[in-house]
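# Structural features, examined
Here are the chains, one letter per residue:
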Amino acid sequence: MSHYQHPLNASQLPSWQALQQHQKAMHNFSMRQAFNQDKQRFQHFSLNHDGLLLDYSKNIITQETLTLLTDLAKETGLAQAIQALFNGEKVNASEQRPALHTALRRPIGDQLVVDGVDLIPQVHNVLKQMTEMVNRIHNGLWRGYSEKPITDVVNIGIGGSFLGPQLVSEALLPFAQQGVRCHFLANVDGSEFHELTQCIQAETTLFVVSSKSFGTLETLKNAQAARTWYFAQGGCVDKLDRHFIAVSSNTKAAVEFGIAEENIFPMWDWVGGRYSLWSAIGLPIALAIGISNFKELLAGAWSMDQHFQQAPFAENMPVIMALLGVWYSDFWHAQSHAILPYDHYLRNFTQHLQQLDMESNGKSVRQDGSTLDYATGPIIWGGVGCNGQHAYHQLLHQGTHLIPADFIVPVVSHNPVEDHHQWLYANCLSQSQALMQGKTLDEAKQELCHQGLSPEEVQQLAPHKVIPGNRPTNTLVLERVCPRRLGALIALYEHKVFVQSVIWGTNAFDQWGVELGKVLGNNVYQRLTGQAVAPAEDASTQGLIDFFRNRHRG
Ligand code: F6P
């Protein structure tokens, strides 16, 4: 029996209208005052799950705000949607597919029957295939054409077939296994290819062509270039299968490319690219950190999946984070959301979330095709702290935009150097404190008087020193960056994005918007290379084509 229904128009719901009224009432709400009045505000607005602490007390919220937001979640049918997601109903309506990345995290022995087939044995068979491959490589049993063991693995893939694996394998560097180095080749940019091939040897390199569709231009061009390079370095055709393997749901295209069928790791159409690091697309992760750490990553995500399914909305981390995002996007008109990890190993987290969030919820119609009359996915941006403090945080503190931000920091550093980690943690906390607290004009004036400035100087300088404050932030504290916590953290954001899609009524699992550019890219290529002579449809594109052609002429 299907539970999944096309979502309602959120802006017509009673809770949405109540939230609009409530926002007006909250216009003068001061977080500073709220903290002064309620010494338990941190306890009231924080949650713990499996080594992850979410402090959401520095938000423009009261208990009433949360009640109204959770009412919105109930009225949009979130409980049924979560069930539909986990049960394998076709939550991706435009492609008539389920979105079952959560099935990839289910433990062995679990059951998930979709269309009469239990998917869990299939998932664990692929995990077994991955285990065998990883062990052979780690034990030096997988040999290149000159019989030397593999030392370097190059993942050729882009988008979800790149960002997740890169994030995790680099974030978990302290768990790296000796023996293999992982590299990533994503863009169709000869410079990236050139730089990479400077530091690897063909005889000890394994290329993993990662493409769900096996039809992505950048990946196919790089795979072809890698094969040409392999031959130019002395590799031979009959040993090609020792150097090229693939992860794809399009076995036919991978075989046509020349990958041996037994070297193709399957994936399923029910796993979206940006949700695929848990599948065989995660092979570089398993190669980097070993299969038991990869399983810990899956276990951490599964623990978050259970929390998401079971916790009441008011105590549910992904739900709370999603509702806060909706609160700011739709009722406070915030257009962007900053992701600020205070950890070197999490430096690629923002990029992964950009694809996860913006490709999922960068939509203008609901699942049923009707046009939205409210804002959906925000612009996700940010980067690692403290670096951002000396760059764009100025705009967070004093700019004219309201930008909610997530600070992410571990309690324990893998590399304690003197008191660096205390300083890093202190900076992370003090940034969200400053964003919340701000500095009033009176405080600015007093500060300048104490510094001995003349009344005229104080008058002149004080407005520049005012910091409005009341800027919303979440702080996510991880016990440390390890496979389990990282798995939970990534799954937390996946579910946050899903909850928002349910509220907005969008399909979080398709990405039709990227297709037009691909088609036009092909047309432009034909003109650049002289294979098409008809002028481009517009003068700008034609002018830019001419500029390129003139430079390359003779
Ligand atoms: O073009 C967008 C996209 O389809 C992403 O959704 C996907 O993660 C990426 O390209 C790569 O796709 P594939 O794994 O099929 O090569």
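Just above, that's the structure.
Predicted model only: the values in this text are computed from it and were never measured.

Glancing now at the packing of aromatic side chains. One pass over the full model with this rule turns up 19 aromatic pairs. Judged by centre distance (5.9 Å) and plane angle (35°), the ring pair of tryptophan 327 and phenylalanine 331 falls under tilted. Here the residue tryptophan 327 and the residue phenylalanine 331 both occupy positions in helix H13 (residues 317–331), the gap between them amounting to 4 residues, near one helical turn. Comparing tryptophan 327 with phenylalanine 331 shows no difference in burial state: the two are buried. Between tyrosine 342 and phenylalanine 407, the aromatic rings sit 5.9 Å apart at their centres with planes inclined by 40°, giving tilted as the arrangement. With tyrosine 342 in the loop between strand S10 (336–341) and helix H14 (349–361) and phenylalanine 407 in strand S12 (residues 405–410), the pair connects residues that are 65 residues apart, well separated along the chain. Every member of this aromatic cluster is reached through a ring pair, and the members are Tyr145, Phe207, Trp229, Tyr230, Phe231 and Phe244. The ring of phenylalanine 257 carries the charged tip of arginine 227 above its face, separated from the ring centre by 4.2 Å.

It is worth spelling out the site of the ligand at this point. Within the structure, the ligand sits among 14 residues, and Gly160, Ser161, Ser211, Ser213 and Thr216 are positioned closest to it. The side chain of glutamate 359 places a nitrogen or oxygen atom 2.9 Å from an oxygen atom of the ligand. Coverage of the ligand by the protein chains reaches 87% of its 390 Å² of free accessible surface.

A few words now on the sheet that holds strand S6 (residues 181–185). Read from one edge to the other, the open sheet built from 5 strands follows the order S6-S5-S7-S8-S9, with strand pairing classed as parallel. Unpaired on one side and paired on the other, S6 and strand S9 (264–266) mark the two borders of the sheet. Strand-to-strand twist in this sheet, taken as the mean axis angle between neighbours without regard to direction, amounts to 20°. Note that strand S5 (residues 152–156) and strand S7 (residues 205–210) share 5 bridges and pair parallel. In the strand pairing of S7, isoleucine 156 is matched with valine 209.

This part covers the sheet that holds S10. Strand order across the open sheet formed by 6 strands is S1-S2-S13-S12-S10-S11, with mixed pairing between neighbours. Both outer strands of the open sheet, strand S1 (46–49) and strand S11 (379–382), are each paired with one neighbouring strand and no more. When the angles between neighbouring strand axes are averaged without regard to direction, this sheet yields 20°. Where S12 and strand S13 (residues 473–478) come together, 6 bridges link them in parallel fashion. Across the sheet, aspartate 406 pairs through a bridge with asparagine 474, a residue of S13.

What follows covers the side chain of aspartate 510. Structurally, the position occupied by aspartate 510 is in the loop between helix H19 (483–504) and helix H20 (515–528). A polar contact of 3.1 Å, which involves the side chain of aspartate 510, links it to the side chain of tryptophan 512. In contact with aspartate 510, not counting residues within four places along its chain, are Asn92, Ser94, Glu95, Arg274, Glu359 and Lys363.

What follows concerns the pairing of S11. Pairing analysis gives 4 bridges linking S10 to S11, with the strands arranged parallel. Bridge pairing in S11 links serine 336 to isoleucine 379. Considered for its hand, the β-α-β crossover made up of S10, H14 and S11 is right-handed.

The next thing to look at is H13. Its 15 residues place the ends of H13 21 Å apart at the C-alpha level, agreeing with the 21 Å of an ideal helix rising 1.5 Å per residue. For H13, the buried fraction is high: 15 of the 15 residues fall into the buried class. Directly beyond the C-terminal end of H13, a positive phi value near 60° is found at histidine 333.

Calculation notes
Residues numbered from 1 in each chain as written. Predicted model: local features only at pLDDT ≥ 70, side-chain atom pairs only at ≥ 80, totals over all residues. Heavy atoms only, no water. Phe/Tyr/Trp six-rings, centres within 6.5 Å; stacked < 30°, edge-to-face > 60°. Helix = DSSP H or I, 4+ residues; strand = E, 2+ residues; numbered from the N terminus. Buried < 20%, exposed > 50% of the residue type's maximum accessible area, 1.4 Å probe, protein only. Lys NZ or Arg CZ within 6 Å of the ring centre and 35° of its normal. Near = heavy atom within 4 Å. Polar contact = N/O pair within 3.5 Å; in protein donor to acceptor, adjacent residues only side chain to side chain. Areas by Shrake-Rupley, 256 points an atom, 1.4 Å probe, with all protein chains shown as cover. Pairing = 2+ DSSP bridges. Axes fitted to C-alpha atoms, helices over the stretch in contact; angles between N-to-C directions. Contact = heavy atoms within 4.5 Å. Right-handed = clockwise from strand over helix to strand, strands pointing away. Expected span 1.5 Å × (residues − 1).

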